[in-house]
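Examining the three-dimensional arrangement
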Amino acid sequence: MYTTLNGTMLYRLPRVVLTLALAAVLFGLAACDNVAVPPKSQASEELIFQDENAYRQYLGKLYAGLNVTGQVGPFGDVDVEVIADEGFSQYMRLYWQMQELPADGAVITYQDAGGAPQELNQATWNPSNAFLAGMYSRIGFQVANANIFIKQSQPNVLANREVSETLQEEIPEFIAEARFLRGLSYYHALDLFGGVPIVTEESPAGTTPPPYPGETKEEARRAVFDFVESEMLAITGEADTPDGQVLPDPSQQQYGRASKAAAYMVLANIYLNAEVYIGEPRYGDAAEYAQKVIDFGFQLDDEYQHLFLADNHTADGIIFAIPNDGQRTQHFGGTQFLTHAAVINANMDPAAYGIDTGYDGLRTQPETVDLFETGDQRPVFDNTPGNQFFRSGQSLQVTDLLDPTAGYAVPKFQNKTSTGADGQNPTFPDTDYPLFRVAEAYLIYAEAVTRDPGAGDPSTALSYVNDVRERAGLTTDITSSELDLEFLLEERGREFFWEAKRRTDLVRFGRFTGSDYVWAWKGGAQNGTSIGACRALYPLPAGELAANPNLPENETC
């Protein structure tokens, strides 16, 4: 079988009873105490959707695809069989590692999966890296399942089924959510891999590998950009779309489900990075859509740390989150990985962070520590358990990647609530992953206007930056003369450190490759060294290239 982005391996037959973990969380459906109800049988997609409940369940599965790893969690009947350890295959764990490990914010101890984490850490990967294959396959799995849902939910299909009037009224919005989730994964593909095949519900199914969407890599990447843009514009009602296939405003949407604001955040991000993606600056559009998000009335939470705790579903300023529940979404990725891997048992008390044990894995480089000034509450630089940087017994310098005490520890994500209570389960946290926050809209607007003063109002841009800094506890506002690109790169490094944005930021600012900026273990050297321009994009996985002769290889080093 092909292992292509949307090939037949990823179209394996769905279940009659699908992953209900997030369906239960998001839709109030019944689910057992484990992560999923075991499948009753294998069945064709047409048979599955004869059951009216399957529509909500399948949509729940699409959301769960960002979170859980299989049908029976935390291990069992894995969805994507690319990496031997199921926990390594979780969507956000893979995405986080591909964004943070090659950059200046995180180092990791682990050597699993054929050394894949260390290759990311040192920017020495090749097309055979298991994490690249895992991420590519997770993206494809999301796209394939979204396509099935969209295809099986069309009006002409529903007309031949006994579907209640109530469900028929809800289905168009469900389709918009599925299109959002598909577009979100294509955005991740656009950023990480560049040009990839585009497959929709209208594409023929079968064994033929999907075509490459362009004559050149540049044309293919533009095609993916155009697809993501057109989908997000359609489901926000700003371009033609079938009646009803529009996301609701955030005030009308359930927490953890996609709203117009989430789609606007995708648009703001692709426009901010358009010069990288398609060689065309779109800073006016970036500022416009960031402002659209802000205009919905999201507020910065008074307590930065609240955004990363077990009750962060009550925090202000989260636009789109991946919900976690210690009883019903059990896996070894996402915030489970980030809470446990960041705790170093030799020097830290796991119970202080609401967990049962540390995994002795993640620390940070000194270059990130140096970004913060005294008084910044993102973190406070002391040894009090609960602050992001934990220093006691940890060295500032990362002299040895495999030594868990080399580098300050970063317990940013915790399984404690804002009142100090523990989460439900010390192994599997309740902490949601905040994929988009309003602070990002503030800083996107500020950067877009700094790059192009005609993109918006410079005084508004300055006020947004100072709002973010004031929330961080900094009492001195910056002035317009201090607001430049270098400052904004550093500010994003402070506000979003360990939130899977740093590699993209460094690429956009021209600081990821080359030798203008080096950090610990960049290029495999303890003090950092230059890496080639080819590292700005990940290569397509070796298995993908072997399976799909339509794909040209990205430049490799």
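Only a predicted model underlies this, so the values are computations on that prediction, with no experimental measurement involved.

**Thoughts on the side chain of Gln414**
- Relative to the assigned elements, Gln414 resides in the loop between helix 14 (366-369) and strand 4 (433-437).
- Residue classification places Gln414 among the buried positions, given a relative accessible area of 5%.
- There is a polar contact of 2.8 Å between the side chain of Gln414 and the backbone oxygen of Pro411.

**Digging into unusual backbone geometry**
- Positive phi is not limited to glycine here, since Asp360 has a value of about 50°.
- One can find Asp360 in the loop between helix 13 (334-341) and strand 3 (362-363).
- Located in the positive-phi region is Ala500, a residue other than glycine, with phi close to 65°.
- Mapped onto the elements, Ala500 comes out in the loop between helix 17 (485-495) and helix 18 (502-508).

**Considerations on the side chain of Glu177**
- Mapped onto the elements, Glu177 comes out in helix 8 (residues 165-192).
- The buried category is assigned to Glu177, whose relative accessible area is 0%.
- Separated by 2.4 Å, the side chains of Glu177 and Tyr63 make a polar contact.
- Side-chain polar atoms of Glu177 contact the side chain of Arg257, separated by 2.7 Å.
- In this view, Glu177 contacts Leu59, Tyr63, Leu247, Gln253, Arg257 and Ala258; residues no more than four positions away in its chain are not counted.

**With respect to the pattern of salt bridges**
- Tallied over the full model, the rule gives 30 salt bridges.
- Notably, a salt bridge pairs Lys292 with Glu238, separated by 3.5 Å at the nearest N-O pair. Here Lys292, found in helix 12 (residues 283-294), pairs with Glu238, found in the loop between helix 9 (217-235) and helix 10 (260-272); they are 54 residues apart in sequence, far enough to count as distant.
- On the basis of relative accessibility, which here comes to 24%, the residue Lys292 falls in the partly exposed class.
- Judged by its relative accessible area of 32%, Glu238 falls in the partly exposed class.
- We note a salt bridge from Glu486 to Arg511, for which the minimum N-O separation is 2.9 Å. Here Arg511 lies in the loop between helix 18 and helix 19 (542-547) and Glu486 lies in helix 17, a separation of 25 residues in the sequence.

**Focus on helix 4 (residues 91-100)**
- Judged by how many residues are buried, helix 4 sits mostly within the fold: ten of ten residues are covered.
- Sitting at the amino-terminal end of helix 4 is Gln90, which places a side-chain oxygen 3.0 Å from the backbone nitrogen of Met92.

**Focus on the state of the cysteines**
- Counted according to the given criterion, the structure contains one disulfide.
- Between the sulfur atoms of Cys534 and its disulfide partner Cys557 the distance amounts to 1.4 Å. Because the sign of the S-S torsion sets the handedness, a value of about 65° for the bond joining Cys534 and Cys557 places this disulfide among the right-handed ones. Of this pair, Cys534 sits in the loop between helix 18 and helix 19 while Cys557 sits in the segment after helix 19, placing them 23 residues apart in sequence.
- Taking relative accessible area as the criterion, Cys557 reaches 54% and is therefore assigned exposed.

**Comments concerning the nonpolar core**
- Core analysis: the largest hydrophobic core is formed by 148 residues, its most contacted members being Trp96, Phe149, Phe180, Phe193, Ile270 and Phe320.
- The leading source of residues in this core is helix 8, at 14 residues.
- Look past the residues within four positions of Phe193 in its chain and what remains in contact with it is Met98, Leu132, Met135, Tyr136, Ile139, Leu537, Tyr538, Pro539, Leu540, Pro541 and Asn554.
- Within the second largest apolar cluster, seven residues are counted, among which are Val343, Ile344, Tyr353 and Phe390.

**Some details on the environment of Thr460**
- Along the chain, Thr460 turns up in helix 16 (residues 458-471).
- Accessibility expressed as a relative area gives 22% for Thr460, which makes it partly exposed.
- In sequence terms Thr460 and Val449 are eleven residues apart; their C-alpha atoms lie 9.3 Å from each other.
- In this view, Thr460 contacts Gln291 and Tyr445; residues no more than four positions away in its chain are not counted.

**What about the environment of Asp403?**
- Within the secondary structure, Asp403 is located in the loop between helix 14 and strand 4.
- Its relative accessible area of 27% is what places Asp403 among the partly exposed residues.
- Note: C-alpha distance between Asp403 and Thr109 (294 residues apart in sequence) is 6.6 Å.
- Reaching out from Asp403, the side chain makes a polar contact with the side chain of Thr405 at a distance of 2.9 Å.

**Quick word on the confidence of the model for the protein chain**
- Scored by pLDDT, the protein chain has a mean of 89; 90% of the residues are at 70 or more.
- In the model of the protein chain, helix 1 (residues 21-27) stands out as the element of lowest mean pLDDT, 42, in contrast to helix 10, which has the highest, 99.
- Counting contacts from residues 1-42, a segment whose pLDDT is below 50, to residues more than four positions away or on other chains yields 149 contacts.

**Things to note about the packing of helix 15 (residues 438-451) against helix 16**
- Closest axis-to-axis distance for the helix 15/helix 16 pair is 8 Å, and the angle between their directions is 140°. Judged by the inter-axis angle, helix 15 sits oblique to helix 16. In the packing of helix 15 onto helix 16, the handedness of the crossing is left-handed. Contact with helix 15, carried on its side by Ala439, Tyr442, Leu443, Tyr445, Ala446 and Val449, involves Pro458, Thr460, Ala461, Tyr464, Val465, Asp467, Val468 and Arg471 of helix 16 and no other residues of that element.
- Tallied by class, residues from the contact of helix 15 with helix 16 come to eleven nonpolar, one polar and two charged.

**Side note on the packing of aromatic side chains**
- Applying the stated criterion to the full structure yields 26 aromatic pairs.
- Residues Tyr304 and Phe308 carry aromatic rings whose centres are separated by 5.2 Å and whose planes lie at 55° to one another, so their mutual orientation is tilted. Taken as a pair, Tyr304 and Phe308 share a single burial class, namely buried.
- The positively charged end of Arg535 is found above the aromatic ring belonging to Trp125, 5.1 Å away from the centroid.

About the cut-offs
Residues numbered from 1 in each chain as written. Predicted model: local features only at pLDDT ≥ 70, side-chain atom pairs only at ≥ 80, totals over all residues. Heavy atoms only, no water. Helix = DSSP H or I, 4+ residues; strand = E, 2+ residues; numbered from the N terminus. Buried < 20%, exposed > 50% of the residue type's maximum accessible area, 1.4 Å probe, protein only. Polar contact = N/O pair within 3.5 Å; in protein donor to acceptor, adjacent residues only side chain to side chain. Contact = heavy atoms within 4.5 Å. Salt bridge = Lys/Arg side-chain N within 4 Å of Asp/Glu carboxyl O. Disulfide = S-S within 2.5 Å. Core = buried A, V, L, I, M, F, W, Y, C linked by side-chain atoms within 4.5 Å. pLDDT = per-residue confidence, 0-100. Axes fitted to C-alpha atoms, helices over the stretch in contact; angles between N-to-C directions. Parallel < 35°, antiparallel > 145°, perpendicular 65-115°, else oblique. Left-handed = near helix turned anticlockwise from the far one by under 90°. Nonpolar A, V, L, I, M, F, W, Y, C, P; charged D, E, K, R; others polar. Phe/Tyr/Trp six-rings, centres within 6.5 Å; stacked < 30°, edge-to-face > 60°. Lys NZ or Arg CZ within 6 Å of the ring centre and 35° of its normal.

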